[in-house]
Every structure is written in C-alpha cells, then in structure tokens.
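Each chain is listed here by its residues.
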Amino acid sequence: MPSLAYQISPADFRQRRLLQATIAILAMLPVFAGLAGVVMGPGFLGETTPPVDLSSHVRFLSGLFLAFGIGWYSCIPAIEKKTERIRLLAILTFSGGLARLYSLVIDGVPSAGHLLGLGMELVVVPCLVLWHGQVAALSQSRS
C-alpha cells in the first residue's frame, strides 16, 4: 500500500504535517507541567509547607496531566486514523477546563499560567478536534 504522501495532495499533506507539529508543540505543556507537579508536588505552585493530603492529590493529578500529554503524543503517528483517541483526550481535557472555569468563578482569577491552561482547554483543544476532523476527512476521501 502506498504511503499517505502519495494518496493526498501536497497541500493536504502539509495540513496533516502542520496539525502533527502543532500537537507536538502543544503537548509539551501538559508533559512538562505534569512532570513538575509529580516531582515538586505543590511546591510547583509555590506552596512551601503543604498538607500531606494536598501533596498526594497534586502529585496524582499531575500524573494524570503527564499521561494526557503522552496520550496527545501517541496521536501524532497516522494522525488521520486517531479520531476516537483525539476525541477522548479532548473530552477529558475540556472537562478539566470546565472545572478550572468553575474554580475561576468560585475562587477568583488564577495566575497567568492557569489562565493559559484554561484557554488551551476550552478554546484550543476544541479547535484541534475540528482541524483533525478536516485532516481525517481528507485522507478518507482519498482511500
């Protein structure tokens, strides 16, 4: 079977590569933030003497955040075939963004880093899902 490069137009192939590169760059955020949270616990957020339960909770959630980032990276090869995985990761990420938005309403405006995360979770990720749908449709129309 010929590679995808021979099945779609050069412009469509560039769109696919651009989506892959975009996900590769954006997935660095949950990977690095997740790693920092696992290693440093609440110290990552400036907490100097957190309760043990808070430390445990932050590290657990940071591990999930790290796994989300790795999950996004797993979508890059043959990205046009990863619709279900991308949608699942997007739903999980968007749900976390809704929880973060609730916190903003209830507790107040967080730091700039958390506002960046909120924008990624509620705006950028849904845009990636739409973009992926276009890329996946291009590859299916050629097969």
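Not measured: the values here are computed from a predicted model. (Residues numbered from 1 in each chain as written. Predicted model: local features only at pLDDT ≥ 70, side-chain atom pairs only at ≥ 80, totals over all residues. Heavy atoms only, no water.)

Our focus in this paragraph is helix α4 (residues 83–107). For α4, built from 25 residues, the straight-helix expectation of 36 Å at 1.5 Å per residue is met to within 8% by its first-to-last C-alpha distance of 35 Å. Within α4, burial applies to Thr83, Ile86, Leu89, Ala90, Thr93 and Gly97. Backbone geometry just after α4 places glycine 108 at a positive phi near 115 degrees. (Helix = DSSP H or I, 4+ residues; strand = E, 2+ residues; numbered from the N terminus. Expected span 1.5 Å × (residues − 1). Buried < 20%, exposed > 50% of the residue type's maximum accessible area, 1.4 Å probe, protein only.)

Once that is clear, we can look at the side chain of serine 62. With respect to the helices, strands and loops of the structure, serine 62 is situated in helix α3 (residues 52–73). Ignoring sequence-local partners within four residues, the contact set of serine 62 consists of Gly34, Gly37 and Val38. (Contact = heavy atoms within 4.5 Å.)

On to the packing of α3 against α4, then. Where α3 meets α4, the closest approach of the two axes is 10 Å, and the angle between their N-to-C directions is 155 degrees. Taken together, the axes of α3 and α4 are roughly antiparallel relative to one another. As for the relative orientation of α3 and α4, their crossing is left-handed in sense. On the side of α3, the interface is formed by Phe68, Gly71 and Trp72, while α4 contributes Arg85, Ile86, Leu89, Ala90, Leu92 and Thr93. In terms of residue class, the contact of α3 with α4 is made up of six nonpolar, two polar and one charged. (Axes fitted to C-alpha atoms, helices over the stretch in contact; angles between N-to-C directions. Parallel < 35°, antiparallel > 145°, perpendicular 65-115°, else oblique. Left-handed = near helix turned anticlockwise from the far one by under 90°. Nonpolar A, V, L, I, M, F, W, Y, C, P; charged D, E, K, R; others polar.)

Even without being a glycine, alanine 78 presents a positive backbone phi close to 50 degrees. Along the chain, alanine 78 falls in the loop between α3 and α4. The class for alanine 78 is partly exposed, based on a relative accessible area of 29%.

Okay, the environment of arginine 100 next. Within the secondary structure, arginine 100 is located in helix α4. A C-alpha to C-alpha distance of 8.2 Å links arginine 100 and histidine 114, two positions 14 residues apart in sequence. With sequence-adjacent residues up to four places away left out, arginine 100 is seen in contact with His114, Gly117, Leu118 and Glu121.

A few words now on α3. Compared with the 32 Å implied by 1.5 Å per residue over 22 residues, the 32 Å span of α3 between its first and last C-alpha is a close match. Where α3 is concerned, the buried positions are Ser55, Val58, Ser62, Leu66, Gly69, Gly71 and Trp72.

Here we come to the state of the cysteines. Under the criterion given, the structure shown has zero disulfides. Not engaged in a disulfide, the cysteine cysteine 75 finds its nearest cysteine sulfur in cysteine 127; these two sulfurs lie 17 Å apart. Residue class for cysteine 75 comes out buried when judged on its relative accessible area of 0%. (Disulfide = S-S within 2.5 Å.)

So, about the packing of helix α2 (residues 28–40) against α3. The geometry of a pair of packed helices is captured by two quantities: the angle between their axes and the separation between those axes. At a minimum axis distance of 7 Å, the contact between α2 and α3 shows a crossing angle of 155 degrees. When the axis of α2 is compared with that of α3, the two are roughly antiparallel. Here α2 runs over α3; the crossing is left-handed. The residues of α3 that touch α2, namely those facing Met28, Leu29, Pro30, Val31, Ala33, Gly34, Leu35, Gly37, Val38, Val39 and Met40, are Val58, Arg59, Ser62, Gly63, Phe65, Leu66, Gly69, Ile70 and Tyr73.

Turning next to the pattern of salt bridges. Per the stated rule, a full pass over the model turns up two salt bridges. A salt bridge links glutamate 80 to arginine 16; the nearest nitrogen and oxygen atoms lie 2.6 Å apart. Linking glutamate 80 in the loop between α3 and α4 with arginine 16 in helix α1 (residues 10–26), this pair joins segments that are 64 residues apart in sequence. One exposure class covers both glutamate 80 and arginine 16, and it is buried. (Salt bridge = Lys/Arg side-chain N within 4 Å of Asp/Glu carboxyl O.)

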